[in-house]
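Descriptive structure summary
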Amino acid sequence: MANHKQKRSSKIIWLLLVGIAVLFSLLFLRFSVDEVVPDNVSVLLSKQSSFIFEPVLPDNPVELPRDYSIHPEYQHEWWYFNANLISESGETFAVQWTLFRLATDDRETRGWKNPQIYMAHVVITSKDQRWIAQRIARGGIGQAGVSGQPFRSWIDDWAWQGIGRTPFPGNILAGNDEFKLNLAVRKDGPAFLQGDKGYSKKHDLLPIASHYFNVPFIKVRGELYLDGNTFKVSGNGWLDREWSTDLFVKEQQGWDWFSFNLDDGRALMVSQYRHKNQQPYLFGSIMSPDGKYVLLGNEDIVMTPLSESKLENGKRLPLRWQIKIKEQRINLITEPVREEQWLPFLVEYWEGPIIASGSHKAKGFMELVGY
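Below is a short write-up of the structure. (Residues numbered from 1 in each chain as written. Predicted model: local features only at pLDDT ≥ 70, side-chain atom pairs only at ≥ 80, totals over all residues. Heavy atoms only, no water.)

1. Examining the overall build of the protein chain
Scanning the protein chain from terminus to terminus reveals two helices and 23 strands. Per-residue burial over the protein chain gives 52% buried out of 371 residues. Of the contacts made within the protein chain by residues no fewer than 6 positions apart, 56% connect residues no fewer than 24 positions apart. By element, 52% of the accessible surface of the protein chain is carried by carbon and sulfur atoms, the whole surface being about 17,500 Å². (Helix = DSSP H or I, 4+ residues; strand = E, 2+ residues; numbered from the N terminus. Buried < 20%, exposed > 50% of the residue type's maximum accessible area, 1.4 Å probe, protein only. Contact = heavy atoms within 4.5 Å. Areas by Shrake-Rupley, 256 points an atom, 1.4 Å probe, with all protein chains shown as cover.)

Right under this line is the structure:
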């Protein structure tokens, strides 16, 4: 009996210490969770004037495989993976796995004084249900980080592990008491540098930009464990790599981002950055497995919201869109697989799988930020 009480007391103390550590990490973020609302995502992505981070400049081209790894000299970056999967018995699933790094100041220190904060989230979506989880950890103490030789990005036991300097081939692991995923990923086409050798502008006149590249052709195979059931799955994945400093300015509202795997074998990415009292800034690209690609700008893309949907939380969002690229004879009508994809993470936004019809059939993902 005494031994049982000691174990229970030890568990309670351990849980309290974990809670204190998480709270301490959040305090070091220099803003409160209550301040991070969809209308103020710029709290995370705006540069703090008292700190000096590396600026994003067009004369610093993206270099691979080097730039799969971490860039602590910039204020923030992310490794974003999505996949549309199908099980052996025909069920469809969508998976999102994201690791986000934010520097709270420009110091280069180790241990608990390390200024790097990591946030990760996983979302698994079926037609009628979703499973979500988020983790937050401080860098410098081994709990979270990114290494380049071999490539590994992790937070606790969630990890993307490669065998060389890139994530491919590699393995993605994540889970909790309700779900687990174990996915093997391999590249089925090249990486594509967006904009000017990876220098991706977000505004016509202001120097708002990021370093940005995509890997849109990824073969995925593995297992999902959902509420006690195991599904062997396979399908197609997509990786976005982006890093920047001061990605938001005061007049910016948010962005709308779309990725598609078209039925003709090509991939399409289009995005618009919304600004107050200005026309949105549009950009994108059409990419082929053989390495050919076409960069798209404001004059090439027409993105039109077709209707708004009211979510259970009362928010109204444009969940159905028409996307036209006239010169490429692309005219898509998009439809969400599941409307209730508002993600209640530290930064709240809508993201989930979509399908498209029209000039092409396609599967993809949509991300709506700043609503």
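Okay, back to it.
2. Comments concerning the pattern of salt bridges
In a structure, side chains of opposite charge can pair up when their charged atoms sit close to one another. Under the definition given, this model contains 14 salt bridges. A salt bridge links D156 to R135; its shortest N-O distance comes to 3.7 Å. Remark: R135 occurs in strand 4 (residues 130-138) and D156 occurs in the loop between strand 6 (151-155) and strand 7 (158-162); sequence separation between them is 21 residues. For E335, the salt bridge is made with R320, and the minimal N-O distance between the two is 3.0 Å. Here R320 lies in strand 19 (residues 316-325) and E335 lies in strand 20 (residues 330-336), a separation of 15 residues in the sequence. Assessed through its relative accessible area of 18%, R320 is described here as buried. Salt bridges here are not isolated pairs; linked through shared partners, they connect E63, R66 and D67. (Salt bridge = Lys/Arg side-chain N within 4 Å of Asp/Glu carboxyl O.)

3. Here we look at the layout of surface pockets
Roughly 260 Å³ of internal volume is contained in the largest pocket. Surrounding the largest pocket, 15 residues form its lining, P72, E73, R107, E108 and Q116 being those nearest its centre. Here the residues of the lining of the largest pocket sort into five nonpolar, four polar and six charged. (1 Å grid on protein atoms, 1.4 Å probe; cavity = no way out; pocket = protein on both sides within 12 Å on 5 of 7 lines; lining within 4 Å. Points joined across faces, edges and corners; volume = space filled by probe spheres on them. Nonpolar A, V, L, I, M, F, W, Y, C, P; charged D, E, K, R; others polar.)

4. Some details on the packing of aromatic side chains
Scanning the entire structure with this criterion turns up 18 aromatic pairs. Where Y273 meets F283, the ring centres are 6.1 Å apart and the plane angle is 35°; that geometry is what we call tilted. Separated by 10 residues along the polypeptide, Y273 in strand 15 (residues 267-275) and F283 in strand 16 (residues 281-287) bring together distant segments of the chain. With respect to burial, Y273 and F283 carry one shared label: buried. Three or more aromatic residues joined by ring pairs make a cluster, and in this case those are Y68, F81, W97, F151, W160, F168, F213 and W243. The ring of W154 carries R152 above its face, with NZ or CZ at 4.4 Å from the centroid. Across the ring face of Y371, the terminal group of R274 is positioned such that the distance to the ring centre comes to 4.1 Å. (Phe/Tyr/Trp six-rings, centres within 6.5 Å; stacked < 30°, edge-to-face > 60°. Lys NZ or Arg CZ within 6 Å of the ring centre and 35° of its normal.)

5. Remarks on the environment of W257
Along the chain, the position of W257 falls in strand 14 (residues 252-262). Take W257: its relative accessible area is 5%, and that puts it in the buried class. A sequence separation of 94 residues divides W257 from E351, and the C-alpha atoms of the two residues are 9.3 Å apart. Engagement of the side chain of W257 in a polar contact is seen with the side chain of Y212, the distance being 3.2 Å. (Polar contact = N/O pair within 3.5 Å; in protein donor to acceptor, adjacent residues only side chain to side chain.)

6. Here we look at the nonpolar core
Residues F81, I124, W160, L181, L183 and L224 are the most contacted members of the largest nonpolar core, which totals 45 residues. Once you skip the residues sitting within four places of it in the chain, F81 turns out to touch V95, Q96, W97, W160, I172, L183, V185, I218, V220, G237 and W238. Judged by nonpolar contacts, the second largest core, of 29 residues, contains F100, Y273, L343 and V369. (Core = buried A, V, L, I, M, F, W, Y, C linked by side-chain atoms within 4.5 Å.)

7. Points about the pairing of strand 3 (residues 116-125)
For strand 3, a buried count of 10 out of 10 residues is recorded, marking the element as mostly surrounded by other parts of the structure. The alternating pattern of strand 3 places Q116, Y118, A120, V122 and I124 and I117, M119, H121, V123 and T125 on opposite faces, both of which are buried. Of the strand pairs in this sheet, strand 2 (residues 92-103) and strand 3 are connected by 10 bridges, and their pairing is antiparallel. Within strand 3, the residue paired with W97 across the bridge is V122. A loop of four residues connects strand 3 with strand 4, the two strands running antiparallel in sequence. (Pairing = 2+ DSSP bridges.)

8. Focus on a negative patch on the surface
A cluster of acidic residues, E54, E73, D106 and E108, forms a negative patch on the protein surface. Assignment of secondary structure puts E73 in the loop between helix 2 (42-45) and strand 1 (76-87). (Patch = residues over 30% accessible without salt bridge, like charges linked within 9 Å, V, L, I, M, F, W, Y side chains within 5 Å. Lys, Arg positive; Asp, Glu negative; His and termini not counted. Charge placed at Lys NZ, Arg CZ, Asp CG, Glu CD.)

9. Quick look at the side chain of D67
Inspection of the secondary structure assignment puts D67 in the loop between helix 2 and strand 1. Polar contacts involving the side chain of D67 include one to the main-chain amide nitrogen of E63, which spans 2.6 Å. Within the structure, D67 has its side chain in polar contact with the side chain of R66 (distance 3.0 Å). Every residue in contact with D67, bar those within four places of it in the chain, is listed here: P61, V62, F213, R241 and W243.

10. Structural notes on unusual backbone geometry
Cis rather than trans, the peptide bond between Q149 and P150 has omega equal to 0°. Here P150 shows up in the loop between strand 5 (144-148) and strand 6. A cis amide bond links F168 to the next residue, P169, at an omega of -10°. Tracing the sequence through the fold places P169 in the loop between strand 7 and strand 8 (170-175).

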